[in-house]
Amino acid sequence: MRDAGELEISRRGIIVGGAATVALPAVAATRTTSPPATAEPSRAPVSMTVNGQHRSLELDTRTTLLDALREHLHLAGTKKGCDHGQCGACTVIVEGRRINSCLTLALMHDGDRITTIEGLGTPDKLHPMQAAFVKHDGYQCGYCTPGQICSAVAVLDEIKAGIPSHVSEDLTGAMRPTNMEMRERMSGNICRCGAYSNIAEAMADVAGEQA
Ligand code: FES
Ligand code: FES
């Protein structure tokens, strides 16, 4: 007759052996369904009109619009600040609307018209918003400035089109480019140098000329 110690060992043997029998197929199943470590990233073609020029690329499908512009098209004017949609440094204008290019995949913009800071004006012929930023000292280090300018241009278009913001008192009437409207709409564009009041003055200058 077996003693209690032998019984305990054989019971453990069954449990361990059973667990191993159950676990092995699971491990095998996991191994066969995992992609091989050397798998190539999936790539796809994308075509966009960037600053008036037709551009075609073959990209890793995970490429953001920001990286496509900076790393593949070498348009480094658009800046990467946070890469998390929190600073606005990467703002570009897509089909007339401003977006954070770090938060969107390039493939989602196949066929779209995109304007970056390089497409707004040239050193010899500045866009009125660029000229106003220079006139009113709307920057210090300049890192946030391309995003601020793209955003500011789109903000004045939004106001002209009558699109209300969180601070608009009349949601259906004509919009006015008040200081409060412009500050609210520019609140997603962070400036660590704190050039906010000069940026607001530059925008007011351009809005006044447009009125
Ligand atoms: Fe896109 Fe900051 S880099 S929001
Ligand atoms: Fe330096 Fe805005 S000018 S962060």
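Please refer to the structure placed before this passage.
Residues numbered from 1 in each chain as written. Chains lettered and ligands numbered in written order. Predicted model: local features only at pLDDT ≥ 70, side-chain atom pairs only at ≥ 80, totals over all residues. Heavy atoms only, no water.

1. Topic: the side chain of Asp-205
Right, on to step 1. Secondary-structure assignment places Asp-205 in helix H7 (residues 196–210).
Right, on to step 2. Looking at Asp-205, its side chain comes within polar contact range of the side chain of Lys-135, at 2.8 Å.
Right, on to step 3. At 2.6 Å, the side chain of Asp-205 and the side chain of His-136 are in polar contact.
Right, on to step 4. Non-local contacts of Asp-205, meaning those with residues more than four positions away in its chain, are made with Lys-135 and His-136. (Helix = DSSP H or I, 4+ residues; strand = E, 2+ residues; numbered from the N terminus. Polar contact = N/O pair within 3.5 Å; in protein donor to acceptor, adjacent residues only side chain to side chain. Contact = heavy atoms within 4.5 Å.)

2. A few points about the pattern of salt bridges
Right, on to step 1. On inspection of all chains with the given rule, the structure shows 8 salt bridges.
Right, on to step 2. Between Arg-113 and Glu-95 there is a salt bridge; the shortest N-O distance is 3.2 Å. One end of the pair, Arg-113, is in strand S5 (residues 113–115); the other, Glu-95, is in the loop between strand S3 (91–94) and strand S4 (97–100), with 18 residues separating them in the sequence.
Right, on to step 3. A relative accessible area of 37% places Glu-95 in the partly exposed class. (Salt bridge = Lys/Arg side-chain N within 4 Å of Asp/Glu carboxyl O. Buried < 20%, exposed > 50% of the residue type's maximum accessible area, 1.4 Å probe, protein only.)

3. Re the sheet that holds S5
Right, on to step 1. The strand order across the open sheet built from 5 strands is S2-S1-S5-S3-S4, with neighbouring strands paired in mixed fashion. With partners counted over all chains shown, the strands left at the sheet margins are strand S2 (53–60) and S4, one partner each. The sheet shows a mean angle of 40° between the axes of neighbouring strands, direction not considered.
Right, on to step 2. Bridge analysis of strand S1 (residues 43–50) against S5 gives 2 bridges, and the strand direction is parallel. Bridged to Thr-49 within S5 is Arg-113.
Right, on to step 3. Along the sheet face, helix H2 (residues 65–72) touches S1, S2, S3, S4 and S5 and points at about 105° away from the line of S2.
Right, on to step 4. Those strands touched by helix H5 (residues 145–160) are S3, S4 and S5, and its axis lies near 40° from that of S3. (Pairing = 2+ DSSP bridges. Axes fitted to C-alpha atoms, helices over the stretch in contact; angles between N-to-C directions.)

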